[in-house]
Structure formats: C-alpha cells, structure tokens
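# Structural description and commentary
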Protein chains: 2
Amino acid sequence: MSANDRQEEIEKRNQSACPTIQSLNEIGEIWRLNILHDLMDEEKRFNELKRSTNARSRTLSNALDSLIENGYVKRRTEEAAPIAVFYSLSEKGRALKPVFDELDDWAADWLDDVPADSV
Amino acid sequence: MSANDRQEEIEKRNQSACPTIQSLNEIGEIWRLNILHDLMDEEKRFNELKRSTNARSRTLSNALDSLIENGYVKRRTEEAAPIAVFYSLSEKGRALKPVFDELDDWAADWLDDVPADSV
DNA sequence: CGGCATCCTTGGAGATACTG
DNA sequence: CAGTATCTCCAAGGATGCCG
C-alpha cells in the first residue's frame, strides 16, 4: 500500500534527520505554527483560536489533536452550562517561546513596512 | 472561481495577520523549512539539497523557486562543462539564523535521545 | 460552545522519463 | 548536473449540517 510506504518514508526521514528536522515535522505546518504562535502568550479557547487562525473547525481540531498528541499543547475543560474548553502550551510548547521571539524580531526587521525608523 | 477566492482568502490572511504570521506563510512549509535549515551553514547545490532534504527534483525546484521569489535564497550558476548551480541564503535568509539556532537548542533539549551529556 | 460527520474539491507531491 | 514535463493519486482543507 502506498499509504504505508508513505508513512514509512516519513518515519525514515524522521529517524535519519537531525532533531531539528524531526521537530519541524511535528510543528512545521502552517496551522500548527499559527496555533503555537497564538497560544504563546495566553491560554485560548476553541472559538478564539478559530477566529484568530482563520481555520475551519475541523482543520483546527485536527491541528490541535496532533499538537496535543505530541505534547505541545494541553487541553483544559470547564464544566459549565455551555461547556468551555481552553488550550494552552505545555512546558515543551512554552519552551518554544524563544524561537518565536526570534522570529518576531526577524519579522519586525524584514517584513514590517515601517519606512525608516530603526534599521 | 474558487481558485480566486482562495487566493483572496490567503491575501486577506496575510494582510490582517501580524508580520510573524505573514512570514510563516512564506516559509512555514516543511520543504521550505528544510531547505532553509540545510542552507543555514553552507552553500549547496541542487543535488546536495535533493539528497539532504529527501525531496523529489520537482518538489525541490518548486520550493526553491518560492524561496528565491520571496528573497530568502540566492542562486549562483557556474558555467562549467557540467553546469553547476549553487544555492545560498540571501541576507534576509541569513537573518533567520538566530531563529534556527533557538530551534536547534530547543530540539536538543526536548527531542534528543541523548542520555545525559550536556543538559 | 466545541466539536464531529459528510461530501467535495484542489493542489501538492510521488514516480518516471526526458533534455540542454 | 540541474532541472522540466506528464500523469496520477491521496490527503488536507473548504462548506455545510448536526449534536451534547
């Protein structure tokens, strides 16, 4: 089955690659990166993430599942009348903050349309 | 056409989002991230990247095109008998080094199976 | 509110072959 | 060596609806 082969390929790639590449396979996808970035500063609930990431519920749900499965994100449920679910970073996820901080810096330097201020 | 709508959606997402999210739309994809990471330390040629990233030539070609288009990567051609093409980071791309350095650190801390050496 | 189930579409990527 | 061309296919994601 090619599906299996595909899996094996990915597995193999994960095995052989350096840790960084491994991690990129876990988080290096647009939705997951968005979510991680959005959760960097604060806990958020499902619909908040849905709005901020602009993802469909199924897409968001899938991305969250994989992030939880790999230990980047934690789910917290509040049993109220309308049930409330909160997502936040695990320690592993929070440890990524310096990475995003650097990325923020970089983006500010290279993407911002700021005419001429810092440089 | 939904293709256009899709484009618009993406445009809109890029507009509204913070610079970091914009940048993630440019580089936040597994092949591109792989390439950037592989080029971080040294100039490489096509087939070297092909091997190190484990990508097909077309996939690699496409990813490189988009990276060049967005100014992360430079192409250099050496007109010899068997033509040689080299890829390296532009200044913009090189500026991402701290990001990958942080990611490397993180990966070493959280993914490496190293028993107990550094820590 | 926080999802899941379903249907459908699209493009990304695999495989293979070919060229300057 | 460094790609381009072609064909195919699958899975990610859009749209919509439903439910505890």
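Before reading on, note that the structure itself is shown above.
About the thresholds
- Residues numbered from 1 in each chain as written.
- Chains lettered and ligands numbered in written order.
- Predicted model: local features only at pLDDT ≥ 70, side-chain atom pairs only at ≥ 80, totals over all residues.
- Heavy atoms only, no water.
- Near = heavy atom within 4 Å.
- Polar contact = N/O pair within 3.5 Å; in protein donor to acceptor, adjacent residues only side chain to side chain.
- Helix = DSSP H or I, 4+ residues; strand = E, 2+ residues; numbered from the N terminus.
- Nonpolar A, V, L, I, M, F, W, Y, C, P; charged D, E, K, R; others polar.
- Salt bridge = Lys/Arg side-chain N within 4 Å of Asp/Glu carboxyl O.
- Buried < 20%, exposed > 50% of the residue type's maximum accessible area, 1.4 Å probe, protein only.
- Expected span 1.5 Å × (residues − 1).
- Arc of directions from axis to C-beta.
- Contact = heavy atoms within 4.5 Å.
- Phe/Tyr/Trp six-rings, centres within 6.5 Å; stacked < 30°, edge-to-face > 60°.
- Lys NZ or Arg CZ within 6 Å of the ring centre and 35° of its normal.

Moving on, we come to the protein's contact with DNA strand C. Near DNA strand C there are 17 residues, and of these R45, S61 and Y87 of chain A together with R56 and R58 of chain B occur at the shortest range. Within 4 Å of the protein, the atoms of DNA strand C are drawn from sugar and phosphate moieties in a proportion of 70%. At a separation of 2.6 Å, a phosphate oxygen of DNA strand C approaches a polar side-chain atom of S61 of chain A. Those elements giving two or more residues to the surface near DNA strand C turn out to be helix 4 (46-53), helix 5 (57-69) and strand 3 (84-89) of chain A together with helix 5 (57-69) of chain B. The element contributing the most residues to the surface near DNA strand C is helix 5 of chain A, with three residues. Looking at the surface near DNA strand C residue by residue, the class counts come to six nonpolar, five polar and six charged.

Okay, the pattern of salt bridges next. Taken as a whole and assessed by the stated rule, the structure comprises 13 salt bridges over all chains. The salt bridge involving E78 of chain A is made with R76 of chain A; its shortest N-O contact spans 3.1 Å. On the basis of relative accessibility, which here comes to 35%, the residue E78 of chain A falls in the partly exposed class. With a shortest N-O distance of 2.9 Å, E43 of chain B and R76 of chain B are connected by a salt bridge. Remark: R76 of chain B occurs in strand 2 (residues 73-78) and E43 of chain B occurs in the loop between helix 3 (30-39) and strand 1 (44-45); sequence separation between them is 33 residues. Judged by relative accessible area, which is 33%, E43 of chain B ranks as partly exposed.

Moving on, we get to helix 7 (residues 97-110) of chain A. Between its terminal C-alpha atoms helix 7 of chain A stretches 20 Å, which fits the 20 Å expected from 14 residues at 1.5 Å a residue. Within helix 7 of chain A, burial applies to V99, F100, L103, W106 and A107 of chain A. For helix 7 of chain A, the angular spread of buried residues about the axis comes to 120 degrees, placing them on one side. Tucked inside the fold, the buried residues of helix 7 of chain A contact helix 3 (30-39) of chain A together with helix 2 (19-27), helix 6 (91-94) and helix 7 (97-110) of chain B.

Our next topic: the packing of aromatic side chains. Taken as a whole and assessed by the stated rule, the structure comprises two aromatic pairs over all chains. An angle of 25 degrees between the planes, with centres 5.8 Å apart, marks the rings of Y72 of chain A and W106 of chain B as stacked. With Y72 of chain A in the loop between helix 5 and strand 2 (73-78) and W106 of chain B in helix 7, the pair connects residues from two separate chains. For Y72 of chain A, a relative accessible area of 0% puts it in the buried group. Here the guanidinium or amino end of R76 of chain B rests over the ring plane of F86 of chain B, the centre of that ring lying 4.4 Å away.

None of this, on its own, says anything about what the molecule does.
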